[in-house]
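Residue-level structural notes
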Amino acid sequence: MQVLLVTGGAGFIGSIFVDRAIAAGYQAVILDKLTYAGKREYVNPKAGFVLGDICDGPLVAQLLRDKKIDAMINFAAESHVDRSIENPADFIQTNIIGTYTLLNAALKIPPGPPLTKGGIKFIQVSTDEVYGELGPQGKFNEDSPELPNSPYSASKAAGDMLAHAWHHTYQLPVIVTHCSNNYGPRQDSEKLIPHLVQCAVSGKNLPVYGDGSHVRDWIHVEDHCDGILLALQKGKPGRSYCFSGGTEKTNLEITKQICKILGIDQKRIEFVADRRGHDRRYAIDDSRAQKELGFKHKHDFDKSLEETVHWYLNQTKLAK
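Further remarks concern the overall build of the protein. When its secondary structure is counted, the protein shows 10 helices and 12 strands. Against the 2.2 N^0.38 benchmark of 20 Å for 320 residues, the protein shows a C-alpha radius of gyration of 19 Å, consistent with a compact globule. By its C-alpha atoms, the protein is 60 × 45 × 40 Å across when sized along the principal axes. Counting every position in the protein, which comprises 320 residues, the buried fraction comes to 53%. Across the protein, the fraction of contacts at a sequence separation of at least 24, relative to all contacts at a separation of at least 6, is 78%. For the protein, the exposed surface amounts to about 14100 Å²; the carbon and sulfur share of it is 51%.

And the structure:
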C-alpha cells in the first residue's frame, strides 16, 4: 500500500483529496500548519497527522524517512488574492520557500521502484491563475505561458517553475497540475460562494466586485481531487495537467443563482469597488488530462451548487 504525504491536508481541497485517496486504497500522512484555512475536524481519522510547517526542512525530511513516504502531494499554499495584495510576504514564504523545501527533501530520499526514480514522486498542485488573463475567447492549456498578475499567482508560478526545474535538472519525478475555480464543502468563508451564503444568512447585502462580469471556470472539488489521483497514478513525470469543470460563469451569475437557491431578493446584491488588478476571465482546456489520464468531470454544476449552498447553511446552523 502506497503512503502519501499530503501537505495542506486539513484544508479545503487537501482534506477532500485525503478522503478520496484513502477510499482508493492509499495510506496518507497529513502535514498541516492549521492556519485560518485548515481545520482539525476535516482531518480524516484514518490518516496520520503532523502539525507543522512545509518550510521546516528537517521535519519534512524526517517524515519522508520515518513514514516511508512513496509520493508527496503539495496542497499547502496561501491562496487568497486579496490577502496576497495586502501581505505578499506570507505568500512568498509558503508558496515559494515552502515548495523549494519540499522539493529538496523529496530529492534526498533514495529511489525505490516501482514508483520512484531519482527521488519520490512529487505532485505540485497549482492554479489556472498562473496563466494570467484571457480575453472573451480561448482557453488556457498546459502549453500556455505563465503570466501571473497578482502576488498570489506570481508566487504559485514561481513554485511551478521550481518544480519543473527540479525535474529537468535533478530528474525528480515531478508533475504539476492546474485547476479552475473549485467549489464544494469545507471551503474557507472568505471565498466567493461560502462568503455570499454567510452574508445572506446574516442579513447583509451580497457583495460583488466591480460590475460582476468577471468569468471563472468552476470545478467541483471532488472532480479536481479525482484528477490529481489520476495524475499520481498515470501522469508522466515532467508533464503538466489541467483540470476543468467545463462551466464558465460570471460572478454575478453565481450570486444570482445563490439568491435563487436561498429564496432572497436579488436587490440585496451590492456592487463594490473592484479588486486591484482583477483578471477578467479564466478558462481551461483539459484535453490532455482527458486523453492521457482518462479524466472526466462528473458533477453537474447547478445541482452541486445547490448542494454546496445547503452544506454551508447547515454549518451555519450548527455554529449557532
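Going through the model one piece at a time under the given rule, you end up with nine aromatic pairs. Summarising the aromatic geometry, the rings of Phe 17 and Phe 75 are spaced 5.2 Å apart at their centres and angled 45° between planes, so their arrangement reads as tilted. Separated by 58 residues along the polypeptide, Phe 17 in helix 1 (residues 12–23) and Phe 75 in the loop between strand 4 (71–74) and helix 3 (81–86) bring together distant segments of the chain. For Phe 17, a relative accessible area of 0% corresponds to the buried category. Measuring from centroid to centroid gives 5.0 Å for Trp 311 and Tyr 312, while their planes differ by 90°, and the two rings are edge-to-face. The class for Trp 311 is partly exposed, based on a relative accessible area of 25%.

What follows concerns helix 8 (residues 251–262). Taking 1.5 Å as the rise per residue, helix 8 with 12 residues should run 16 Å; its terminal C-alpha atoms sit 17 Å apart, in good agreement. Among the residues trailing helix 8, Gly 263 stands out with phi positive, at a value near 70°.

Across all of its chains, the model carries 12 salt bridges by this definition. A salt bridge links Arg 83 to Glu 190, with the shortest nitrogen-to-oxygen separation between them at 2.7 Å. Here Arg 83 is found in helix 3, whereas its partner Glu 190 is found in the loop between strand 7 (181–183) and helix 6 (192–201), with 107 residues between them in sequence. Since its relative accessible area comes to 36%, Arg 83 is described here as partly exposed. One salt-bridge network, held together by shared partners, links Arg 20, Glu 222 and Asp 226.

This part is about the sheet that holds strand 1 (residues 3–7). Across the sheet, which stays open at both edges, the seven strands sit in the order 3-2-1-4-5-6-10 with parallel pairing between neighbours. Strand pairing shows two members of the sheet lacking a second neighbour, strand 3 (48–51) and strand 10 (240–243), which therefore form its edges. Neighbour-to-neighbour, the strand axes of this sheet turn through a mean angle of 20°, independent of strand direction. Alignment of strand 2 (residues 27–32) against strand 3, held across four bridges, turns out to be parallel. Residue Val 29 lies in a different strand from strand 3, and its bridge partner there is Gly 48.

Judged by nonpolar contacts, the single largest core of 34 residues is most densely connected at Leu 4, Phe 17, Ile 73, Phe 75, Ile 228 and Phe 243. Apart from residues no more than four positions distant in its own chain, Ile 73 is found in contact with Leu 4, Leu 5, Val 6, Thr 7, Phe 17, Ile 123, Val 125 and Ile 228. Ile 69, Met 72, Leu 102 and Ala 163 belong to the second largest nonpolar core, which has 24 residues in total.

Okay, the sheet that holds strand 11 (residues 248–250) next. Strands pair in a sheet through their backbones, by hydrogen bonds, and they do so in one of two ways: parallel or antiparallel. The mixed open sheet is built from three strands, whose spatial order is 7-9-11. Only two strands of the sheet have a single partner each, and these edge strands are strand 7 and strand 11. Neighbour-to-neighbour, the strand axes of the sheet open up by a mean angle of 50°, direction not taken into account. The pairing of strand 7 with strand 9 (residues 215–220) spans three bridges and is parallel. By the bridge assignment for strand 9, Asn 182 is matched with Ile 219. Sheet strands in contact with helix 7 (residues 221–234) are strand 7 and strand 9, and its direction is about 70° off that of strand 9.

Rules used throughout
Residues numbered from 1 in each chain as written. Predicted model: local features only at pLDDT ≥ 70, side-chain atom pairs only at ≥ 80, totals over all residues. Heavy atoms only, no water. Helix = DSSP H or I, 4+ residues; strand = E, 2+ residues; numbered from the N terminus. Rg over C-alpha atoms; globule rule 2.2 N^0.38 Å. Buried < 20%, exposed > 50% of the residue type's maximum accessible area, 1.4 Å probe, protein only. Contact = heavy atoms within 4.5 Å. Areas by Shrake-Rupley, 256 points an atom, 1.4 Å probe, with all protein chains shown as cover. Phe/Tyr/Trp six-rings, centres within 6.5 Å; stacked < 30°, edge-to-face > 60°. Expected span 1.5 Å × (residues − 1). Salt bridge = Lys/Arg side-chain N within 4 Å of Asp/Glu carboxyl O. Pairing = 2+ DSSP bridges. Axes fitted to C-alpha atoms, helices over the stretch in contact; angles between N-to-C directions. Core = buried A, V, L, I, M, F, W, Y, C linked by side-chain atoms within 4.5 Å.

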